[in-house]
Every structure is written in structure tokens, then in C-alpha cells.
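Listed below, chain by chain, are the residues.
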2 protein chains.
Amino acid sequence: PFFRREERFLVLMADHLLEPELLSSFLDFLKEEEKGEAQAFLAIDRRLQAVYQLEEATKVWVDDEGIIRVLGKGIRDFNGVDCGCFCFSPAVLSELAGEVEQGWGNLSQALSPVITRRGLRAFQIGDCFWLDVDEPADLEVAKKKLLSRLVSPRDGVVARYFNRPLSLRLTSVLVPLPLKPNFYSVVNGLMCLAASVLFALGFGLMGGVLAQTASIIDGVDGEVARLKFQETSFGAYFDSIIDRYSDAFLIGGMAAGLISAQGGQLTVLFPAFLALAASPLSMLSKEKLKNLTGKEYYPQEEGWLSYLPVNRDGRLAIIALGGIFNLGFIALWFLAIMANLQVIYRLIKARGILNS
Amino acid sequence: PFFRREERFLVLMADHLLEPELLSSFLDFLKEEEKGEAQAFLAIDRRLQAVYQLEEATKVWVDDEGIIRVLGKGIRDFNGVDCGCFCFSPAVLSELAGEVEQGWGNLSQALSPVITRRGLRAFQIGDCFWLDVDEPADLEVAKKKLLSRLVSPRDGVVARYFNRPLSLRLTSVLVPLPLKPNFYSVVNGLMCLAASVLFALGFGLMGGVLAQTASIIDGVDGEVARLKFQETSFGAYFDSIIDRYSDAFLIGGMAAGLISAQGGQLTVLFPAFLALAASPLSMLSKEKLKNLTGKEYYPQEEGWLSYLPVNRDGRLAIIALGGIFNLGFIALWFLAIMANLQVIYRLIKARGILNS
């Protein structure tokens, strides 16, 4: 047997997609209910407007005490939808076994005498994601829904409107491959290194296109990680280190290329060093603030600054455009100004946050 | 009146130095004791070996229940020392007032009938710092003790054996000035900027001496802040941003000076960019790890790495020596290797910490 006789057990529909948070909060709920009288539980979704193919779903009527009184596909009065995620006690199992022997064909039908006798305790899943995948068409919907969940509210302007739509397509193609998210972080870093060599050798157009492609790939590692539930703390750490090196390579390569092109004139070193000094402070200031306040810092709440290309997506776009249009000197100055503007903005903001 | 009739109140000796943590943990203790029967409390130190001028101190005998049964300067049997930090209820105040009217000259004497009647509840201060300052000679001891408390266990090798002893002397001279800790952070940054200009113009010796002096000043902001109890989160944030810029200035200035000296040869840009890429990652990796694990990261626990000049004190010393001995090219390569070695070390360590 796959469960111990005396223990409660979960019954999950094999064709339902559930996000792990749904299950873990269901388990927390069950833990709290452990000493209660209820013997049967069902996770339900009350966001009726948002349920995909509501007509196909199994509906429920939950009373004011949180007990499901009616369950079925065709019921008229309902205020929730069955997410395909049950918990039963061994006592309920024997009852269900009895019903099945008497000829009830499926779980919903076999449950109805149990519901009449005992009621079924409802667990509301809140904002969690789930999806019933029945038809081949549903599979496409499932893919789209999972991909759309990958867009981060922290995305900068370039990421949101240019990189993310492209990286999502790339991710949907790459995700079946048996490659870890960190692999894409490394690919991203190597592409930036290659782009910086191209810049240094004077191939600005190729370097620029490669740098922007790397910026798109930069989204893939996180997307694959979230899609495959392979997000790890080390992955986040590794990615952030690779990104800092990539920034430095690109600025260094662009500066070296410009010095060569201008016959050894060194004025370009000034914006290059200013840009290189400020770029890592973008992330450093966020992390430091998070540590000092104990709260997440949201770049999307930075007012007018969040419309400027100051985050990594924006910085890479400046470098890429500088290479493509042979405007490296202007790009480095623009980058230096943007990156340092962000540092000053956050310094002032940090003063307000930390002194209050 | 300076207190409300119905409330308990603290009595502190005006000539005792107490660290704020001593008072705050005493207050926590009093909060817990609020519903108890005790009406009088005294903070005591049981580290008898460590008490300064034990013969002058007021001693106590604490019984197994934590009640002080005897208190006085000349008592023979004692197991604790009075830290000059009492809490009384209004009832005890009236009793004390009565004793004083009957002619008892000081608090210790006036307390003895109270102790006989009620006992005095002891609060053990643990590792907290306090000092009774009576004579002019004690003032010097107080200064030394306060200064010695400023040495950070996080100090790198150069900081511990070279910078810190000098910065402590400097701090003891500067601390009476009405200047905020952030002022010294700015001075440190400006000195690094000046040193980098000197490097760029070819004055390596002067630049090197100035850079190392800045490294010493870098300790003063934190020391003054801790000494004056003016430590702020914003101060820590501000200092860390200034330090990152200072590093970048120095590396950039040194690289520019070398390129000029070598008639425009650009090979030095390679170690300069590698050093500049890795330097901010020293701090970034610590902050990121702290955020991901929720725990402090201790560079002093990095084994063999903690003996190498990889932290800021070490990096500045490399730059300073490179300038002073006209070995900038070697210094930049050494710096690049050290800084990147640290990044790789922490990457491997982070993998172990975060995957476990």
C-alpha cells in the first residue's frame, strides 16, 4: 500500500496542474485542522470569473461554515470550483470503497453520499494557480498560462516590452531540453564575453546584436527555473555574479575598441570607468537596503527613474545600440550618467527610508 | 516631578558609563518581572575578575533565587558587583525617603533596611560593558576601554595590524570634534579621488601614501559612530557606496597613469578591468548571501583566504604599495588575481551553503 492505514492522505487529479504553493498551503491548512472533526477536505477556487472552461469544471456549493454541501458538474447553484485536490481519512476511504463496489463510476459520484453524511471541508486556494488539462487544446492554454506567469513585475522598460516577449518564446522552445537554468546563465555570460571581444576588435554591429541577444537570454535562466520549479538560491547568486562580470566585459571591450579606433586617445576611459564603477552599485544598493531594512526593495516603485534605462536590461540596450550604430562614445557617457543617476537617486531614497 | 507617581523608575549613577545594550536588556528584564512581587532591582556584574578597581566597587551577595541579600563597599563575601543601575517602585521610594530623613547619607546605606525587609532582585548584565569613572586617571582608562571595543572581528590582516592601531589613535584625537561619522566617509572618498588623480598624473609615491592614509581614515567613520553611539543604517549604506567609488577611482587612476607612462600601451587595461569587475563583488557577494540565507556572512571564517589581502584593507594596501614602489602594473595584476580569487572562493562556498 502507498499510505499508512491510520494516516490521512491526499488524492490529486493526474490531469490537473497545481503550483507547489497551492499544495503547501493546503497542507498547512490540514495541519491546523488535524484535531478537528472533519474527515474529508477539498481545495476549491472561488475566483469563478477566472476559471478556465467553467462549464467543464466540477462545481461546489460551500455554506457559511466552510462545508461543501453539494458537488457536481451540472449543479445550478455554486460558489466555488473543485481544484482536483482532496484529503481523506482512512474512515472515508472505506466508505468510498463501499460506494464504488455498489457501482458508482467516478469519484464525484462516489463522494456524494459521503458529502450528504459528513460534508466536505473546503480549503480556499486564494491566489494560487491550477489548471485542468483535458484536451490537446488545453495543453496549449496550459503552456501559455505557465509562460505568462513568468513575467516579473521587476522588469525594466526594455525587458518588459522587448526582451521578455522574445525570451518567453525562446523559453517555450528550450524548456523541454534537459538543461539546468545555470547553463543559460553561463551561455549569457559567454555571449557577453564574445560581444566584448567583438567590440574591442572593432566589430560594433556584430557585438551589439550579440549583446542584445545575451540580454534576451538573460531572461531565459530565470524563466526555465520558474517553469520547471528548479529555482534555487545558488542559481540566483550565480546569475548575479555572472551578470556583474558580463557588464564589466562589455564596458571594457567597448572602451578598448574606441581607444583603438581613435588612435590611442584615452578620453573614453573616463566614462568607461564611471559606468563600470556605478553599474554593480545598482544591484549592491538593492541588496544592502534589503539587509538594512529587512524588506524587499522594489525598483518598479522608483517613480520617474523606473522609466529610464537604468537597470540591467536598459544598460545592455544602451551598450548594444552604441555598438550597432557606431556611437560607442556617446553610449558609454549615457551609460555612465544613467548608472550614476540611479546611485544618487537611491542614496537619497535610502536616506529617507533608513532615517525614518 | 520627573516620573509618574504610579510608575517604576530607573536610578542611574551619573559617573557610570553604561553601554545602551545593558540598559535595553535591563528594561526587557524589568518588563518580564512586571507582574512579579519584587519592587527593587539592581543590575550586577558577576565577572569579578574583570571589574576595574574592584576594591572601590560596591559589592553584593546574591542568593540562589537571584535576590541580593547584602550590599556594601566593604563586605567580605560577595559574588557580584553593583553596576550603578537600579529600578524602584514608588513604594520603595517612600521607604528610601524615610531612611534619608532619618539621616542615612548615601543610597547604599539608605538601601540596607530596604534590602533587609524586601531583598533586591538582581539582574545579571552578562557580557555588557560598564565602567565607574571616579578619578581623572579613570577617565584615561575609560577612553582606552571604549577605544579597544571598536576593533571589529571582521578586520582583515592589514586592517588589524596596521590600519586599526593608527585609526584608533586618530579617532581618539578626532572624537571630541563636533563632526558626524559621514563626514569622515566623505573625507575618505575625497582622499581616494585625490590619490587617483595623483596616480593618473604619474605621482605614484604621493598617491600611494595618500591612498593608504585614506584606508586608515576609512576606519575612523565607523569608530566615531560606535564611540558616539551615532551608528546609523544610512551611515553604513553611505559608507559602502563611497568605498565602491573610491576603489574604482584608484584602479582607474592607476591604469591611466600606467598607460601614459608606457606611451599609450593598453595592456594594463586588462588587469584594471578584471580588478574593477571583481572588487565590488567582494561586498556584493556578502550582502547577497546574507539575503539568501538570512544569516550574517563572516569573512573571518574563510580559512586560508582570510590571510590574503582580498578585503578592502588588503586591496587598498596593494594599490598603495604599487604606487609607492612604482610597481603599478604588478599591483593591478595582483589585485585582479586576489579579487577574482575571492569571488571564486565565495562562489564555491555559496554553493555549499545554499545547496545544503
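What you see is a predicted model, and the numbers here were worked out from it, not measured in a lab. (Residues numbered from 1 in each chain as written. Chains lettered and ligands numbered in written order. Predicted model: local features only at pLDDT ≥ 70, side-chain atom pairs only at ≥ 80, totals over all residues. Heavy atoms only, no water.)

**Some thoughts on the interface of chain B and chain A**
Point 1. The interface of chain B with chain A comprises 40 residues on the first partner and 40 residues on the second.
Point 2. Both sides of the chain B and chain A interface together cover about 3,800 Å² of buried area, and 78% of this is carbon and sulfur.
Point 3. Area buried by chain B at its contact with chain A is led by B:Phe234, B:Tyr237 and B:Phe273, which between them contribute 19% of it.
Point 4. In this structure, the connection of chain B to chain A is made through two salt bridges. (Contact = heavy atoms within 4.5 Å. Buried area = accessible area lost by both parts, 1.4 Å probe. Salt bridge = Lys/Arg side-chain N within 4 Å of Asp/Glu carboxyl O.)

**Remarks on the packing of aromatic side chains**
Point 1. Applying the stated criterion across every chain yields a total of 23 aromatic pairs over all chains.
Point 2. On the numbers, 6.2 Å between centres and 85 degrees between planes, the contact of B:Phe29 with B:Phe41 is edge-to-face. Taken together, the residues B:Phe29 in helix H1 (residues 20-32) and B:Phe41 in strand S3 (residues 40-45) connect sequence positions 12 residues apart.
Point 3. We classify B:Phe29 as buried; its relative accessible area is 18%.
Point 4. Given a relative accessible area of 0%, B:Phe41 falls into the buried group.
Point 5. Ring pairs connect the aromatic residues A:Phe26, A:Phe29, A:Phe41 and A:Phe123, which therefore count as one cluster. (Phe/Tyr/Trp six-rings, centres within 6.5 Å; stacked < 30°, edge-to-face > 60°. Helix = DSSP H or I, 4+ residues; strand = E, 2+ residues; numbered from the N terminus. Buried < 20%, exposed > 50% of the residue type's maximum accessible area, 1.4 Å probe, protein only.)

**Thoughts on empty space enclosed by the protein**
Point 1. Following the criterion strictly, the structure yields three cavities of 30 Å³ or more and no others.
Point 2. There is about 60 Å³ of room inside the largest cavity.
Point 3. Lining the largest cavity, in full, are A:Arg244, A:Asp247, A:Ala248, A:Leu276, A:Ser279, A:Pro280, B:Leu276, B:Ala277 and B:Pro280.
Point 4. Residue composition of the lining of the largest cavity, grouped by class: six nonpolar, one polar and two charged.
Point 5. In this structure, the second largest cavity occupies an estimated 50 Å³ of space.
Point 6. Taken together, A:Leu276, A:Ala277, A:Pro280, B:Arg244, B:Asp247, B:Ala248, B:Leu276, B:Ser279 and B:Pro280 make up the lining of the second largest cavity.
Point 7. Counting only elements with at least two residues in the lining of the second largest cavity, the list comes to helix H9 (269-293) of chain A together with helix H8 (233-261) and helix H9 (269-293) of chain B.
Point 8. Here the residues of the lining of the second largest cavity sort into six nonpolar, one polar and two charged. (1 Å grid on protein atoms, 1.4 Å probe; cavity = no way out; pocket = protein on both sides within 12 Å on 5 of 7 lines; lining within 4 Å. Points joined across faces, edges and corners; volume = space filled by probe spheres on them. Nonpolar A, V, L, I, M, F, W, Y, C, P; charged D, E, K, R; others polar.)

**Digging into the side chain of A:Gln212**
Residues and elements named next belong to chain A.
Point 1. With respect to the helices, strands and loops of the structure, glutamine 212 is situated in helix H7 (residues 204-227).
Point 2. For glutamine 212, a relative accessible area of 12% translates into the label buried.
Point 3. Only 2.8 Å separates the side chain of glutamine 212 from the side chain of asparagine 163, close enough to count as a polar contact.
Point 4. Residues contacting glutamine 212, with those up to four places away along its chain left out, are Val158, Phe162, Asn163, Leu316, Ala317 and Ala320. (Polar contact = N/O pair within 3.5 Å; in protein donor to acceptor, adjacent residues only side chain to side chain.)

**A look at the relation of the copies chain B and chain A**
Point 1. Once turned by 179 degrees and shifted 0.0 Å along the axis, chain B lies on chain A with an RMSD of 0.2 Å. Here the two chains are linked by the operation of a two-fold rotation axis. (Least-squares fit on C-alpha atoms with pLDDT ≥ 70 in both.)

**Side note on the pattern of salt bridges**
Residue and element names in this part refer to chain A.
Point 1. Taken as a whole and assessed by the stated rule, the structure comprises 40 salt bridges over all chains.
Point 2. Where aspartate 218 meets arginine 312, a salt bridge forms, and the shortest distance between an N and an O atom there is 2.9 Å. With aspartate 218 in helix H7 and arginine 312 in helix H10 (residues 312-324), this residue pair connects regions lying 94 residues apart in the sequence.
Point 3. Look at aspartate 218 and you get buried, because its relative accessible area is 17%.

Note that every value here comes from positions in space, so none of it alone points to a role or purpose.
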